[in-house]
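Per-entry structural report
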Amino acid sequence: METFPFILFCSLISFSLLESSSAVDTLTPNQSLISSATLVSSGQTFVLGFFSPNGSQSWFLGIWYKSYPEIVVWVANREKPIQDSNGTLIINSRGNLVLLNGSNSIIWSSNSSKSVQNSVAQLLDSGNLVLTDKSNMGTENYTWQSFDYPSDTLLAGMKFGWDLNLGLDRYLTSWKDASDPSPGDFTYRLDIGGLPQFSLRRGSEKKYRSGPWNGVQFSGSGIQSTAVTISSFVIEPDEVYYIYEAKGVLTRFMVNDTGLLQRFVLNKGSSKWALMYTLQNDLCDNYGHCGVNGICKINKAPICECLQGFVPKSQNEWGIFDWSSGCVRRIPLDCQKGEGFIKVKNVKLPDLLKFRLHTNMKTKECRAECLKNCSCTAYSTLDSSGSGSGCLMWFDVLLDIRELAQENVQQDSIYVRMPASELGTCRSRSQSKECTCDHSSCISSLWDAFPELVMLVDILEEGKENNGYMSPEYAIDGKFSVKSDVFSLGVLLLEIVSGQKNRKFHHSDHHHTLLGHAWLLWKEDKALELMDSCLEDSYDQFQVLRCIQVGLLCVQKLPEDRPAMPAVVFMLGNEGVTLPQPKQPGFFVERSSADLDTSTEGTYYTLNDITITLPEAR
């Protein structure tokens, strides 16, 4: 659809051509529409007729707004214009619309496979030109409709997408330029390979995409109703399409000859069309603007960054703001134990280049499935409405990720695979609202095998002077045993889950250490409140509660109540085993305010301060 000066013949069809019809919106088999005539929809909104762009010798059959003849919304013969004004539209013997030139050669045809003897063409007030049997007029039993073959404009009530039974792809194609309705360079269509997503291409080159459908919305742009539209996305066995309805106003969506995707609206009482929005809102909407494994953040300067764990492939190019070469991993994946994920929140999910989709897989299973495949580089969970029934995994590079800033829109997160050495640590909630690692991988490490537990105890033995990990019997009587190690491990388990240090823990309602706080929550059946916010979007509730319970069993006051180290391993590795209820932990005494203000000298060997290298089992 374009705006420009027109040479139009807007007179009504003469009575002799319509003598068998009582309406000017209908064409019957014994009538013809010539270049000096038009059909007008019953509500006087749309017109069907012949037009010639200013300065052109070519003629086209099209549909435009009656009050705005310069706004053409559909063109029949885009690929084959008539070279003079002697065009004629008829209904042939098979019931198809046929456009003839002055020498009666066929220029265009509706080419419906259905043969109807008493076919009637009607221009509806929606802007849809339909063919139907005369006996079915007033129903939607059409043998052909222009809405199935859009030009550059999407009107209210048009289905934009696929009829899978017919193999019909309804998509938009731009004009060649502002005064030539021939097919232009840009197409905007619904891609349905894997997960549906809208894509704008210039030829075969992708220029923009919406992001994949996640079960609720498109990842990068929500299907939301506006002040002027009610939007829907429909997935059925035989159809996948987007459709919108207008709220009492005229509105249209189009792709223009420069590739911009825009919505216009004509408000009530106004005589001028207003641009409501353009989908390509900023540079981050340009496809792959930051290259592979990069992320575009429009509110940052510069706007392109490498994902955590990646570095620019060409530092020189990035230095001059040329991000096209993208990023590479700082440390390659080696598919060794200890690999995990970092969470990248509120983003448009990467393009579906090499991917795998599981439609019935929970978050925990999705994570495990990705870790099992050495080629899996990232995953995301789908169906964010709450059922969590989908898993999307990427292989190889991640392309076209952008940070989203919309409020009140449910946004997606992606979990990017990292080698163990890149996972880093997660800052405590008191220090930051944002985490720099996939904290759940720490819990999963405890879940896997005995060597990790031994290694953790070895680390703690190096910091025995730190009373945050010291057992009560060792601190008071100097008695040390294997159960003292178990106590230290329990402290560390609770620190891993909470993201906070035992001795440095503060709470506004009491003066207990982290152990005391965990015990209070456990007795009140609020143990999950101990969990670090880093885990909120990716945690396994059973594993978190299991770690808390095992941690509390390990820090019980009396050594004889604590489990032996092999029992700890058994508890963590066997989900079906019922655990005993923990008793009061050691040091369950509230500290004085003076104690809270006194810093303890020495080194704190906690998850927040160490880099863990896994040794062999001993």
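Scroll up to find the structure this text is about.
Residues numbered from 1 in each chain as written. Predicted model: local features only at pLDDT ≥ 70, side-chain atom pairs only at ≥ 80, totals over all residues. Heavy atoms only, no water.

Within strand β6 (residues 60-65), 6 of the 6 residues are buried, leaving the element largely enclosed by the surrounding structure. Where burial is concerned, the two faces of β6 agree: the one with F60, G62 and W64 and the one with L61, I63 and Y65 are both buried. Direction of pairing for strand β5 (residues 46-53) relative to β6: antiparallel, over a ladder of 6 bridges. Bridging from a neighbouring strand, F51 pairs with F60 of β6. (Buried < 20%, exposed > 50% of the residue type's maximum accessible area, 1.4 Å probe, protein only. Helix = DSSP H or I, 4+ residues; strand = E, 2+ residues; numbered from the N terminus. Pairing = 2+ DSSP bridges.)

By the definition in use, this model includes 21 salt bridges. Linking R189 and D169 is a salt bridge whose minimum nitrogen-to-oxygen distance equals 2.8 Å. In this pair, R189 is assigned in strand β18 (residues 180-191) and D169 in strand β16 (residues 168-169), connecting sequence segments 20 residues apart. Overall, R189 belongs to the partly exposed group, its relative accessible area being 22%. Residues E305 and K300 are paired through a salt bridge, measuring 4.0 Å at the closest nitrogen-oxygen approach. (Salt bridge = Lys/Arg side-chain N within 4 Å of Asp/Glu carboxyl O.)

Moving on, we come to the pairing of strand β8 (residues 88-91). In the sheet, strand β3 (residues 32-34) pairs with β8 via 3 bridges, with the strands oriented antiparallel. In the sheet register, L33 faces β8, and the bridge partner there is L89. Pairing of β8 with strand β9 (residues 97-100) involves 4 bridges; the strand directions are antiparallel. Its bridge partner lying in β9, T88 is registered against L100. Linkage of β8 to β9, two consecutive antiparallel strands, is achieved through a turn of 5 residues, within which G95 is found at a positive phi near 85°.

So, on to the sheet that holds strand β14 (residues 153-155). In space, the 4 strands of this open sheet follow the order β14-β23-β24-β25, with antiparallel pairing throughout. Strand pairing shows two members of the sheet lacking a second neighbour, β14 and β25 (274-278), which therefore form its edges. Between one strand axis and the next, the sheet turns by 25° as a mean value, whatever way the strands run. Where strand β23 (residues 250-255) meets strand β24 (residues 261-266), 6 bridges bridge the pair, whose relative direction is antiparallel. Residue pairing across strands places R252 opposite F264, the latter belonging to β24. (Axes fitted to C-alpha atoms, helices over the stretch in contact; angles between N-to-C directions.)

Turning next to the state of the cysteines. Taken as a whole and judged by the stated rule, the model has 6 disulfides. In this model, C284 is linked to C296 through a disulfide, with the two sulfur atoms separated by 2.0 Å. Handedness of the C284-C296 disulfide follows from its S-S torsion of about -75°: it is left-handed. Taken together, the residues span a long stretch of sequence, with C284 in the loop between β25 and β26 (294-296) and C296 in strand β26 at a distance of 12 residues. An identical accessibility class is assigned to C284 and C296; each is buried. Each sulfur of the disulfide joining C366 and C391 lies 2.0 Å from the other. What sets the handedness of the C366 and C391 disulfide is the S-S torsion sign, and at about 65° it is right-handed. Note that C366 is positioned in helix α2 (residues 363-372) and C391 in strand β33 (residues 390-395), a separation of 25 residues in sequence. Residue classification places C391 among the buried positions, given a relative accessible area of 0%. (Disulfide = S-S within 2.5 Å.)

Let's shift gears to the packing of aromatic side chains. In this structure the tally under the stated criterion is 25 aromatic pairs. Relative to F218, the ring of F198 lies with its centre 4.7 Å away and its plane at 40°, an arrangement referred to as tilted. Residue F198 is found in strand β19 (residues 197-202), and its partner F218 is found in the loop between β20 (205-209) and β21 (229-235); the two are separated by 20 residues along the sequence. Ring pairs connect the aromatic residues F160, Y188, F198, W213, F218, F233, Y242, Y244 and F253, which therefore count as one cluster. Between the NZ or CZ atom of R252 and the centre of the ring of W273, over which it lies, the distance is 4.3 Å. If you follow R263 out to its NZ or CZ, it ends over the ring of Y244, 4.1 Å from the centre. (Phe/Tyr/Trp six-rings, centres within 6.5 Å; stacked < 30°, edge-to-face > 60°. Lys NZ or Arg CZ within 6 Å of the ring centre and 35° of its normal.)

The subject of this paragraph is the sheet that holds strand β12 (residues 129-133). Ordered by their spatial adjacency, 4 strands build an open sheet running β2-β11-β12-β13, and the pairing between neighbours is antiparallel. Every interior strand has two partners, whereas the edge strands, β2 (26-27) and β13 (142-145), have only one. Where strand β11 (residues 119-123) lies against β12, 5 bridges are found, and the strand directions are antiparallel. Bridging from a neighbouring strand, S119 pairs with D133 of β12.

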